[in-house]
Amino acid sequence: MKYELTPEKGVAGKYISSYVDESGLLKAIDFHDDDNFNFGFDIVDALAEKCPDKTAMLHISKDGKERRITFRDMKNYSNKAANYLHYLGVRKGDRVLLVLKRHYQFWFTIIALHKIGAIAVPCSFLLTRKDFEYRFKAGHISAVVATADGDVADEIARASKNYQGLKTKILVGGSKEGWSNYNRDIRFFSGTFKKPSNAAGGNDPMLMFFTSGTTSYPKMATHSYKYPLGHYITAKYWHQVDSSGLHFTISDTGWGKALWGKLYGQWLSEAPVFTYDYDDFYAKEILGMIEKYRITSFCAPPTVFRMLVHVDMSKFDLSSLKNVSTAGEALNPEVYSKFKKATGLCIMEGFGQTETTLTIANLKGMKPRPGSMGKPSPMYDIRIMVDENTEAAPGETGEVCIRLGDNPPRGLFLGYYLDKEKTDAVLHDGMYHTGDTAYMDKDGYMWYVGRVDDVIKTAGYRVGPFEIENEIMKLPYVLECAVTSVPDLVRGQAIKASIVLTKDMVPSDKLKKEIMKYLKANLASYKRPKIVDFVEVLPKTSSGKVRRAEIKAKDWEQA
């Protein structure tokens, strides 16, 4: 069906047109005039011109200091950072590692890199020497901008001893021998930065993310300057940001989720973002921030919501919240129901990857179904494939794939940096193969099953872990759980449930028997875990995803 598209409002309208039906549901979107698009010049600087005094970000440091940063400030300090980085030798095409936690300097720096044309490579502050060493070599990194907090600088220094390509090291929030001092030095540089005649934009590489690396060394997903445009849907129609409100996404800047929720789509929608630069997560503290600063939209991974529902939320005034959303891994329906009961709000689940923007979601105007990822974004042509030539029937599980067509969607990655083999393994037959499995019901809602490698084959059946985890999460004393396979001489694979209990519960054989009895009454025989293991924590990536592969690997190695 063809729709009559109209330009979006504000600065985004120059590049984005859409059609929204009478119910407010986005039905179609198109992008134009973006062959030279550069978010730094075309959005940040444009907003500094249009609304210089408008808040771009409210930043709260870990000691409680508030900084209200306007779009004029963002332009000024990103220009200062661009001049500073250029002075230190950073040039167009250079790859620059950013290890900046949630420091406000991250925003100045990444926008500066966009303006210079250098490629930003965000990384987690939790990395060790070995991790940095791998990333330096894999990404041909020439400069690093890092936090002075903790051992980050020391780990980087140790890693650089075995890598000769690191020419520039810049420290934020402190001083150290062999490092340039960001906070001290940036003050001496001009707030004017002239757009280069050969400015990067459009299909030029702008950003590289290291994937989570749950089963192998992380890959480097490369995105172009058109990537930010793909996040317009993320912010306006999924987060449902308010241009006069305040949006809060929980994420460290080392992960793609930060750029999903703390920069691109939000500012394309002209909405301010809220950043709390905390060290340790406390559910009550986050709820307190929402109450104090009157947050209007909130996004967090399912791990956070699982913690929030175990807090008495009635003690906090959350009336400012108009929309909440989640992604990163599948959300258990039990958590969805508990949160709605406590707040009256539906958690709008979404799905995407480091290699994409938001691809499937419960968008504005949709009625979410607990446990469902939602429906395909109008920007992506999603297919559920049983094999390379066969689409799944309704209710049939298959791999989530994106049909590429003649004009790949904004936000789909260019490929894995310097790795044609792995790129070709996922980009073939006219599709991008996500490696995630799901099924679509008769109404078009999609339901997550698991990673292709997570699916358990037991006694001739294929079982997705998420379905079993959902049932276990209904038990009031279960905080988190992960279902994986273990070797079994008869079945080939048996099912194991690793369970984290709430703080008030003590593991015991009696409790284990109670859980097994419950599962026997509520799951088909072939879906029941043979083993229940109580653990203090589940292994996770720095972005909060449960590392089922790590649990599985240990069990299979010990067999």
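Relevant structure appears above.
None of the values given here were measured: they were computed from a predicted structure.

A. Molecular detail of the overall build of the chain. Of the regular secondary structure elements, the chain holds 17 helices and 31 strands. For 559 residues, the compact-globule estimate of 2.2 N^0.38 gives 24 Å, and the chain sits close to it at 23 Å. If one aligns the C-alpha atoms of the chain with their principal axes, the spans along those axes are about 70 × 60 × 55 Å. Evaluated residue by residue, the chain yields a buried proportion of 58% over its 559 residues. Sequence separation of at least 24 residues holds for 66% of the intrachain contacts in the chain that already meet a minimum separation of 6. Accessible area of the chain: about 23,700 Å², with a carbon and sulfur share of 48%. Separation of charge centres in the chain, based on 77 positive and 68 negative side chains, amounts to 2 Å.

B. Expanded view of helix α16 (residues 509-522). Taking 1.5 Å as the rise per residue, α16 with 14 residues should run 20 Å; its terminal C-alpha atoms sit 20 Å apart, in good agreement. For α16, every residue scored as buried is listed here: Leu511, Ile515 and Leu519. Each buried residue of α16 sits inside an arc of 75° when the element is viewed along its axis, so together they form one side. Residues of α16 that are exposed and point over 90 degrees away from its buried face: Asp509, Lys510, Lys513, Lys517, Lys520 and Ala521. On its buried face, α16 is in contact with α15 (465-472), β30 (492-501) and β31 (531-534).

C. Inspection of helix α1 (residues 39-50) at higher detail. For α1, the tally of buried residues reaches nine of twelve residues, placing the bulk of the element in the interior. Here α1 has its buried residues at Phe39, Gly40, Phe41, Asp42, Ile43, Val44, Asp45, Leu47 and Ala48. Buried positions along α1 lie against α2 (71-87), α3 (105-116), α7 (227-230) and α10 (264-268). For α1, the side-chain oxygen to backbone nitrogen distance between the N-cap and Gly40 is 2.9 Å, and the N-cap itself is Asn38.

D. Quick look at the environment of Leu113. Inspection of the secondary structure puts Leu113 in helix α3. Between the C-alpha atom of Leu113 and that of Ala497, which follows or precedes it by 384 residues, the distance is 45 Å. Not counting residues within four places of it along the chain, the set of residues in contact with Leu113 comprises Leu85, Val90, Val96, Leu98, Ala118, Ala120 and Tyr225.

E. Fine view of the nonpolar core. Within the largest apolar cluster, 96 residues are counted, with the highest numbers of intra-cluster contacts made by Met74, Ile110 and Trp267. Examining the composition of this core, we find that eight residues originate from one element, α3, more than from any other. Excluding its chain neighbours within four sequence positions, the residues that come into contact with Met74 are Val44, Ala56, Met57, Ile69, Trp107, Phe108, Ile111 and Trp267. Counting 53 residues, the second-largest nonpolar core is a separate cluster that includes Leu287, Phe339, Ile456 and Met473.

F. Layout of unusual backbone geometry. Positive phi values are uncommon outside glycine, yet Gln240 reaches one of about 55°. With respect to the helices, strands and loops of the structure, Gln240 is situated in the loop between α8 (232-239) and β13 (247-249). Despite not being glycine, Leu418 shows a phi value in the positive range, around 55°. Along the chain, Leu418 turns up in the loop between β23 (415-416) and α14 (420-426).

G. Broad picture of the side chain of His239. For His239, the position within the fold is in helix α8. At 3.1 Å, the side chain of His239 forms a polar contact with the side chain of Gln266. Ignoring anything within four residues of it in the chain, the contact list for His239 reads Thr234, His247, Thr249, Trp260, Gly261, Gln266, Ser297, Cys299, Asn323 and Ser325.

H. Examining the packing of aromatic side chains more closely. What the rule picks out here adds up to 29 aromatic pairs. On the numbers, 5.7 Å between centres and 70° between planes, the contact of Tyr104 with Phe108 is edge-to-face. Each member of the pair, Tyr104 as well as Phe108, carries the same accessibility label: buried. Ring centres of Phe413 and Tyr416 lie 4.9 Å apart, and the angle between their planes is 55°; on these two criteria the pair is classed as tilted. Judged by its relative accessible area of 4%, Phe413 falls in the buried class. With a relative accessible area of 6%, Tyr416 lands in the buried category. Of the aromatic side chains, those joined through ring pairs into one cluster are Phe248, Phe274, Tyr293, Phe298, Phe305 and Phe339. In this structure, Lys101 packs its charged tip against the face of Phe125, placed 5.1 Å from the ring centre. Its guanidinium or amino end placed over the ring of Tyr278, Arg102 lies 4.1 Å from that ring's centre, counting from NZ or CZ.

I. Geometry of the pairing of strand β2 (residues 16-20). Sheet analysis places strand β1 (residues 6-7) next to β2, joined by two bridges and oriented antiparallel. Its bridge partner lying in β2, Pro7 is registered against Ser17. Across five bridges, β2 lies against strand β3 (residues 26-31) in antiparallel orientation. For Ser17, the partnering residue across the bridge sits in β3 and is Asp30. Linkage of β2 to β3, two consecutive antiparallel strands, is achieved through a turn of five residues, within which Gly24 is found at a positive phi near 90°.

J. Representation of the sheet that holds strand β29 (residues 478-488). Judged by pairing direction, the sheet is mixed, and its three strands sit side by side in the order β29-β30-β31 without closing on themselves. In this open sheet, the two strands that pair with only one neighbour each are β29 and β31. Neighbour to neighbour, the strand axes of the sheet diverge by 25° on average, direction disregarded. Across ten bridges, the pairing between β29 and β30 is antiparallel. Within β30, the residue paired with Val478 across the bridge is Leu501. Across the sheet, α16 touches β30 and β31, and the angle it forms with β31 is around 135°. In the packing of helix α17 (residues 548-557) onto the sheet, contacts are made with β29 and β30, and the angle to β29 comes to roughly 40°.

K. Inspection of the pattern of salt bridges at higher detail. Evaluation of the coordinates by the stated rule reveals 35 salt bridges. A salt bridge links Asp34 to Lys226; the shortest N-O distance between them is 3.8 Å. With a gap of 192 residues between them, Asp34 in the loop between β3 and α1 and Lys226 in the loop between β12 (220-224) and α7 connect regions that are remote in the sequence. Classification of Lys226 as buried rests on a relative accessible area of 9%. A single network of salt bridges, built from pairs that share partners, joins Asp34, Asp35, Lys226 and Arg410.

L. Quick peek at the sheet that holds β1. Read across the open sheet, the three strands follow the order β1-β2-β3; overall the sheet is antiparallel. Two strands bound the open sheet, and with one partner strand each, they are β1 and β3. In the packing of α8 onto the sheet, contacts are made with β2 and β3, and the angle to β3 comes to roughly 160°.

Cut-offs used in this document
Residues numbered from 1 in each chain as written. Predicted model: local features only at pLDDT ≥ 70, side-chain atom pairs only at ≥ 80, totals over all residues. Heavy atoms only, no water. Helix = DSSP H or I, 4+ residues; strand = E, 2+ residues; numbered from the N terminus. Rg over C-alpha atoms; globule rule 2.2 N^0.38 Å. Buried < 20%, exposed > 50% of the residue type's maximum accessible area, 1.4 Å probe, protein only. Contact = heavy atoms within 4.5 Å. Areas by Shrake-Rupley, 256 points an atom, 1.4 Å probe, with all protein chains shown as cover. Lys, Arg positive; Asp, Glu negative; His and termini not counted. Charge placed at Lys NZ, Arg CZ, Asp CG, Glu CD. Expected span 1.5 Å × (residues − 1). Arc of directions from axis to C-beta. Polar contact = N/O pair within 3.5 Å; in protein donor to acceptor, adjacent residues only side chain to side chain. Core = buried A, V, L, I, M, F, W, Y, C linked by side-chain atoms within 4.5 Å. Phe/Tyr/Trp six-rings, centres within 6.5 Å; stacked < 30°, edge-to-face > 60°. Lys NZ or Arg CZ within 6 Å of the ring centre and 35° of its normal. Pairing = 2+ DSSP bridges. Axes fitted to C-alpha atoms, helices over the stretch in contact; angles between N-to-C directions. Salt bridge = Lys/Arg side-chain N within 4 Å of Asp/Glu carboxyl O.

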